[in-house]
Amino acid sequence: MALLSVEHVSKSFISGWIKKEEKKILHDISFVIEKGETLGLTGVSGAGKSTISRIIMGLTRCDEGKIYFREQELSSLGGLELIAARKKMQMLFQNPLSSLNPRMTIGESMREPALIHGHSIPSYEEIFSVMERLKLRKELVKRYPHQLSGGEVQRVCLGRLLLLKPELLILDEPTSMLDVSVQAQIVDILEEIQEEDHISYLFISHDLDLLRYCSHRIGVLKAGRMMELQDTKKLYATPMCEYTKELIGAFQSF
C-alpha cells in the first residue's frame, strides 16, 4: 500500500492584468511514495516542483487529479479528518529562518507546531531527545534564531516537525542555502531518522548529485511534465529520455 498517491494532477494559473492568459504549470502528474521511501524530484527552476509540494500540503488546489494519503482522498476529507491527515504530513522549507519567530527562543519554537496542531505540548525531555538525534547542543534552547548557524537553524526546523511524529516529510530544497559539508551532515541525519522511524520523504532539489546520494527513486520534471521516474541506479545507468541525459551530463561535466 502506497503511503502517498498523486494521480493525474494538473494545475494552471492566470497571469496578466488586462490581457489575462492561462499558463499550465503541471500536466497530468502521477507518482506514489511508499512507506520508508525517499522519492527525489528534480528539474530546473519553473519545472513545477514546488507547486506539486504545495498541492500535496493543501496550500494550493489542483485543477484536475486526486491526492491520496494512506488510501484516503484528501479532497474528500473535511474538518477534523482533514486536520488529522495533515498532521502526518509536514514540510521543511528552503529558508529555515522564515519558519522561526525571531522573538522566540529555540525551546519555544520547538514547542510552537504542537500548539498550532493541537498536539500535547512536548516536554523538555522530549525536545532534548530530538535535539540529541539531530546533533544539537541542549543549551541552544535558550538562544534565538539569529544566534545559530544556518545548519543549526535547519536542524531546529526539522526537530520541530519530528516532534509531531509525521509519516511523510516534504523537503523543498532543504539544503540549498547551506555549505556542502553541512548539506551532507543534514542528509546523513535524515537517512538515520528514516531508518529508525520509517519516515517517507519527498525530496525536491535541482541538485541531481544530492538526489543520487539520498533517493531510492528520482522523478524528472520539465515544464510541468514528468519526463521519467525510475529507480535511481537505473536512471543514471539507462535514462529513458534525452532531457534526463542532458541533466545528468551537465552535472557530471560540471
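This report concerns the structure included in the present document. Remember, predicted model here, so these are calculated numbers, not experimental data. By convention here, each chain's residues receive numbers from 1 onward along its written sequence. Note on the predicted model: pLDDT of at least 70 is required for a residue's local features to be given, and 80 or more for side-chain atom pairs to be given and counted; whole-chain, interface and lining totals, by contrast, use all residues. Side-chain measures here rest on the full set of heavy atoms in the structure, leaving out hydrogens and waters.

### Re the pairing of strand β9 (residues 217-222)
What counts, and what does not: Burial here depends on accessible area, computed with a 1.4 Å probe over protein chains only, as a share of the maximum for the residue type. Under 20% is buried, over 50% is exposed, and the range in between is partly exposed. Only runs of H or I of at least four residues qualify as helices and only runs of E of at least two qualify as strands under DSSP, and these elements are numbered from the N terminus. Between any two strands, pairing holds if DSSP finds at least two bridges.
Within β9, five of the six residues are buried, which leaves the element mostly enclosed by the surrounding structure. Of the strand pairs in this sheet, strand β3 (residues 38-42) and β9 are connected by four bridges, and their pairing is parallel. Counted as the bridge partner of Leu39 is Arg217 from β9. Here six bridges tie β9 to strand β10 (residues 225-231), and the two strands are oriented antiparallel to one another. Bridge pairing in β10 links Gly219 to Leu229. Here β9 folds back onto β10 in antiparallel fashion, the turn holding two residues, of which Ala223 has a positive phi close to 50 degrees.

### Here's the deal with the pattern of salt bridges
When their charged atoms lie close together, side chains carrying opposite charge are able to pair. Convention followed: One speaks of a salt bridge when a side-chain nitrogen belonging to Lys or Arg is within 4 Å of a carboxyl oxygen belonging to Asp or Glu.
Applying the stated criterion across every chain, the model contains 10 salt bridges. Close ionic contact of Glu37 with Arg217 constitutes a salt bridge, the shortest N to O distance being 2.5 Å. Of this pair, Glu37 sits in the loop between β2 (21-33) and β3 while Arg217 sits in strand β9; the two residues are 180 residues apart in sequence, bridging distant segments of the chain. Between Arg70 and Glu167 there is a salt bridge whose closest N-O contact spans 2.7 Å. One end of the pair, Arg70, is in the loop between β4 (64-69) and β5 (72-73); the other, Glu167, is in the loop between α5 (150-162) and β7 (168-172), and 97 residues separate them in sequence. On the basis of relative accessible area, Arg70 is assigned to the partly exposed category, the value being 34%.

### Brief notes about the sheet that holds β4
In plain terms, the rule: Residues are treated as being in contact if the distance between any of their heavy atoms lies within 4.5 Å. Each axis is a line fitted through C-alpha atoms, and for a helix only the stretch in contact is used; angles between axes span 0 to 180 degrees, taken between their N-to-C directions.
Across the sheet, which stays open at both edges, the four strands sit in the order β2-β1-β4-β5 with antiparallel pairing between neighbours. The open sheet has two edge strands, β2 and β5, and neither has a second partner. Where strand β1 (residues 4-15) lies against β4, five bridges are found, and the strand directions are antiparallel. Its bridge partner lying in β4, Ser5 is registered against Tyr68. Sitting on the sheet, helix α1 (residues 49-56) is in contact with β1, β2 and β4, with an inclination near 70 degrees to β2.

### With respect to the side chain of Ser12
By the element assignment, Ser12 lies in strand β1. Given the relative accessible area of 14%, Ser12 is considered buried. Those residues in contact with Ser12 that sit more than four places away from it in its chain are Glu22, Lys23, Lys24, Ile25 and Asp63.

### Concerning the environment of Leu100
Residue position: Leu100 is located in the loop between β6 (89-92) and α3 (106-117). Judged by its relative accessible area of 6%, Leu100 falls in the buried class.

### Details of the packing of α3 against helix α4 (residues 124-133)
Rule in force here: Roughly parallel refers to an angle under 35 degrees, roughly antiparallel to one over 145, roughly perpendicular to one between 65 and 115, and oblique to any angle outside these ranges.
Viewed as axis vectors pointing N to C, α3 and α4 meet at an angle of 100 degrees, and their least axial separation amounts to 11 Å. The pairing of α3 with α4 is recorded here as roughly perpendicular in orientation. Between α3 and α4, the contacting residues are Gly107, Met110 and Arg111 on the first element and Tyr124, Ile127, Val130 and Met131 on the second.

### Section: the sheet that holds strand β8 (residues 200-204)
Here we have six strands laid out as an open sheet, ordered β6-β7-β8-β3-β9-β10, and mixed in their pairing. What marks the edges here is a single partner per strand, and that holds for β6 and β10. Neighbour to neighbour, the strand axes of the sheet diverge by 15 degrees on average, direction disregarded. Strands β3, β6, β7, β8 and β9 of the sheet are contacted by α1, whose axis makes an angle of about 150 degrees with β7. Running at roughly 155 degrees to β8, helix α6 (residues 180-197) makes contact with β3, β7 and β8 of the sheet.

### Things to note about the nonpolar core
As a reminder of what qualifies: Here, nonpolar core means buried Ala, Val, Leu, Ile, Met, Phe, Trp, Tyr and Cys residues that are tied together by side-chain atoms lying within 4.5 Å of each other.
In this structure, Met110, Leu134, Leu158, Leu162, Leu169, Ile193 and Phe203 are the most contacted members of the largest nonpolar core, which totals 42 residues. At six residues, the largest contribution of residues to this core is made by α5. Once residues lying within four places of it in the same chain are set aside, the contact partners of Ile193 are Arg133, Leu134, Leu158, Leu162, His198, Ile199 and Tyr201. Of all hydrophobic cores here, the second largest spans 28 residues; its members include Ile55, Met57, Phe69 and Met89.

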